[in-house]
Amino acid sequence: MTLFIGLKKMNDLIIFNNLINNTLKEKFKDSGWSGTSPVFYKKDIPNVIKSIEIRKLINQDIFSCYLKIYSSFNFSNSMKGRGIQPLNEIFIVGLTPNKVTDDAYYWDLSKHDDSNSKQMDLFWEAIISHGDAFFENFNEFPSSFLGIKPEDFLKGTVQLFGTYEVYNQVAYLNFLKEAHIACNDTITAAAFSELAIDRFLKNIEGKNVAQNKEYKSYLNSLRMPNTHG
């Protein structure tokens with residue numbers, strides 16, 4: 001019985017991904033995106049990967065769309081397995097028919113092909129109208145981030161573009177550290193590194209993770225890379 005339920009869920013996702021690929025994959029490709037449902041991505045600027053991730057909820061006729069930015073810096077202590085990896089995810093927002101948002105939003109699906117076809121048209125229009133505008137904010141990277149100072153994080157949570165919540169402030173700090181290293185500003189980078197390490201250590205305080213390889217690797221990635229030798 002458990003196997004049957006598992007296969008039904010898997011089949012449900014395959015059908016949905018086929019719907020996305022059959023209706024939108026060529027449009028993604030024509031717009032410069034690579035990949036296949038549920039993940040499309042674009043590597044058109046250095047050190048950053050843009051991603052559109054489309055996920056159907058199991059046993060529900062709804063799906064969500066997330067616009068994500070992943071770090072892909074290549075310094076000596078950057079996270080291994082660079083690319084679309086969970087630990088390299090820096091920013092995430094949702095997409096609705098009318099805007100990019102911090103709030104959860106679910107697109108409806110139908111049992112009828114005609115209704116789904118219209119929904120896919122609406123969904124693509126939202127990607128073109130609102131998703132592309134969001135990603136364009138990164139096209140001049142890193143200049144759009146260089147005005148952020150380490151002391152801004154001491155005043156409270158720092159938003160993305162002053163608009164969107166960034167729930168992983170440690171990852172944000174590390175992202176800024178690496179952006180400044182790329183600009184050869186090691187003094188500012190070191191200040192971001194120090195704050196990131198301090199926040200991370202406070203976050204894991206009291207947790208028995210000191211010997212965990214993943215935690216140790218992540219902590220190392222927050223440090224300044226070795227520039228000697």
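Keep in mind that what you see is a predicted model, and the values were worked out from it rather than measured. (Residues numbered from 1 in each chain as written. Predicted model: local features only at pLDDT ≥ 70, side-chain atom pairs only at ≥ 80, totals over all residues. Heavy atoms only, no water.)

S.K.: Please explain the overall build of the protein chain as it appears in this structure.
M.R.: Looking only at helices and strands, one finds five helices and seven strands in the protein chain. Reading the protein chain from its N end, one meets helices and strands in the order α-β-β-β-β-β-β-β-α-α-α-α. C-alpha atoms of the protein chain, sized along the principal axes, occupy 60 × 45 × 35 Å. Across the 229 residues of the protein chain, 41% fall into the buried class. (Helix = DSSP H or I, 4+ residues; strand = E, 2+ residues; numbered from the N terminus. Buried < 20%, exposed > 50% of the residue type's maximum accessible area, 1.4 Å probe, protein only.)

S.K.: Even after reading the chapter, I still don't get the pattern of salt bridges, so can you show me in this structure?
M.R.: Opposite charge on two side chains permits them to pair, given that their charged atoms come into close proximity. A complete count under the given rule lists eight salt bridges for this structure. We note a salt bridge from Arg-55 to Glu-53, for which the minimum N-O separation is 3.6 Å. Judged by its relative accessible area of 39%, Arg-55 is partly exposed. Among the ionic pairs, Glu-178 bridges to Lys-177, the shortest N-O distance being 3.9 Å. Through salt bridges with shared partners, one network takes in Glu-53, Arg-55, Lys-68 and Glu-89. (Salt bridge = Lys/Arg side-chain N within 4 Å of Asp/Glu carboxyl O.)

S.K.: I would appreciate a short explanation of the confidence of the model for the protein chain in the present structure.
M.R.: Low pLDDT marks regions whose predicted coordinates should not be analysed in detail. For the protein chain, the average pLDDT comes to 90, and 92% of its residues sit at 70 or higher. Model confidence for the protein chain, summarised as mean pLDDT per element, is weakest for helix H1 (residues 2-30) at 81 and strongest for strand S6 (residues 100-101) at 98. This stretch, residues 3-7, has a pLDDT under 50; its non-local contacts, to residues over four places away or in other chains, come to zero contacts. (pLDDT = per-residue confidence, 0-100. Contact = heavy atoms within 4.5 Å.)

S.K.: Just checking my understanding: could you explain the environment of Tyr-172 for this structure?
M.R.: Here Tyr-172 lies in helix H3 (residues 169-182). On the basis of relative accessibility, which here comes to 0%, the residue Tyr-172 falls in the buried class.

S.K.: I would appreciate a short explanation of the side chain of Lys-56 in the present structure.
M.R.: Secondary-structure assignment places Lys-56 in strand S3 (residues 48-56). There is a polar contact of 2.8 Å between the side chain of Lys-56 and the side chain of Asp-12. From its side chain, Lys-56 meets the backbone oxygen of Gln-60 in a polar contact 2.6 Å long. Excluding residues within four positions of it along the chain, Lys-56 makes contact with Asp-12, Leu-13, Phe-16, Asp-61, Ile-62, Phe-63 and Leu-109. (Polar contact = N/O pair within 3.5 Å; in protein donor to acceptor, adjacent residues only side chain to side chain.)

S.K.: Looking at this structure, how should I read the nonpolar core?
M.R.: Taken as a class, soluble globular proteins show a tendency for nonpolar side chains to be buried jointly. Counting 55 residues, the largest nonpolar core has Ile-54, Phe-91, Phe-123, Phe-145 and Tyr-172 as the members making the most contacts within it. Residues within four places of Phe-123 in sequence aside, it is in contact with Ile-20, Leu-24, Ile-54, Phe-63, Cys-65, Leu-95 and Trp-107. (Core = buried A, V, L, I, M, F, W, Y, C linked by side-chain atoms within 4.5 Å.)

S.K.: It is not clear to me how helix H5 (residues 213-222) should be interpreted in this structure. Could you clarify?
M.R.: For an α-helix, 3.6 residues make a turn, and residues three or four places apart therefore share a direction. For H5, the full list of buried residues reads Tyr-218, Leu-219, Ser-221 and Leu-222. Buried residues of H5 fall within an arc of 155 degrees about the axis and therefore sit on the same side. Structurally, H5 contributes buried residues whose contacts are with H3 and helix H4 (186-203). (Arc of directions from axis to C-beta.)

S.K.: Where do I start with the packing of aromatic side chains in this structure?
M.R.: Given two aromatic rings, their pairing is described by the distance between the two centres and the angle made by the two planes. Tallied over the full model, the rule gives 29 aromatic pairs. Seen from their ring centres, Trp-107 and Phe-123 are 5.1 Å apart, and the 70 degrees between their planes marks the pair as edge-to-face. Of this pair, Trp-107 sits in strand S7 (residues 107-108) while Phe-123 sits in helix H2 (residues 113-136), placing them 16 residues apart in sequence. As far as burial versus exposure is concerned, Trp-107 and Phe-123 are alike and both buried. Residues Phe-153 and Tyr-172 carry aromatic rings whose centres are separated by 5.5 Å and whose planes lie at 80 degrees to one another, so their mutual orientation is edge-to-face. One end of the pair, Phe-153, is in the loop between H2 and H3; the other, Tyr-172, is in helix H3, and 19 residues separate them in sequence. Each member of the pair Phe-153 and Tyr-172 is classed as buried. (Phe/Tyr/Trp six-rings, centres within 6.5 Å; stacked < 30°, edge-to-face > 60°.)

S.K.: Just checking my understanding: could you explain the packing of H3 against H4 for this structure?
M.R.: Any two packed helices are characterised by the angle at which their axes cross and by the distance between the axes. Closest axis-to-axis distance for the H3/H4 pair is 8 Å, and the angle between their directions is 160 degrees. Classified by the angle between their axes, H3 and H4 sit roughly antiparallel to one another. The interaxial crossing formed by H3 with H4 has left-handed handedness. For the pair H3 and H4, the contacting residues are Gln-169, Val-170, Leu-173, Asn-174, Leu-176, Lys-177, His-180 and Ile-181 in the first and Thr-188, Ala-189, Phe-192, Ser-193, Leu-195, Ala-196, Arg-199, Phe-200 and Asn-203 in the second. Here the contact of H3 with H4 is built from residues that sort into nine nonpolar, six polar and two charged. (Axes fitted to C-alpha atoms, helices over the stretch in contact; angles between N-to-C directions. Parallel < 35°, antiparallel > 145°, perpendicular 65-115°, else oblique. Left-handed = near helix turned anticlockwise from the far one by under 90°. Nonpolar A, V, L, I, M, F, W, Y, C, P; charged D, E, K, R; others polar.)

S.K.: Before we go on, may I ask you to explain the environment of Glu-89 in this structure?
M.R.: Tracing the backbone through its elements, the reader meets Glu-89 in strand S5 (residues 89-95). If we ignore the near neighbours within four places in the chain, the residues touching Glu-89 are Lys-68, Ile-69, Tyr-70 and Ala-171.

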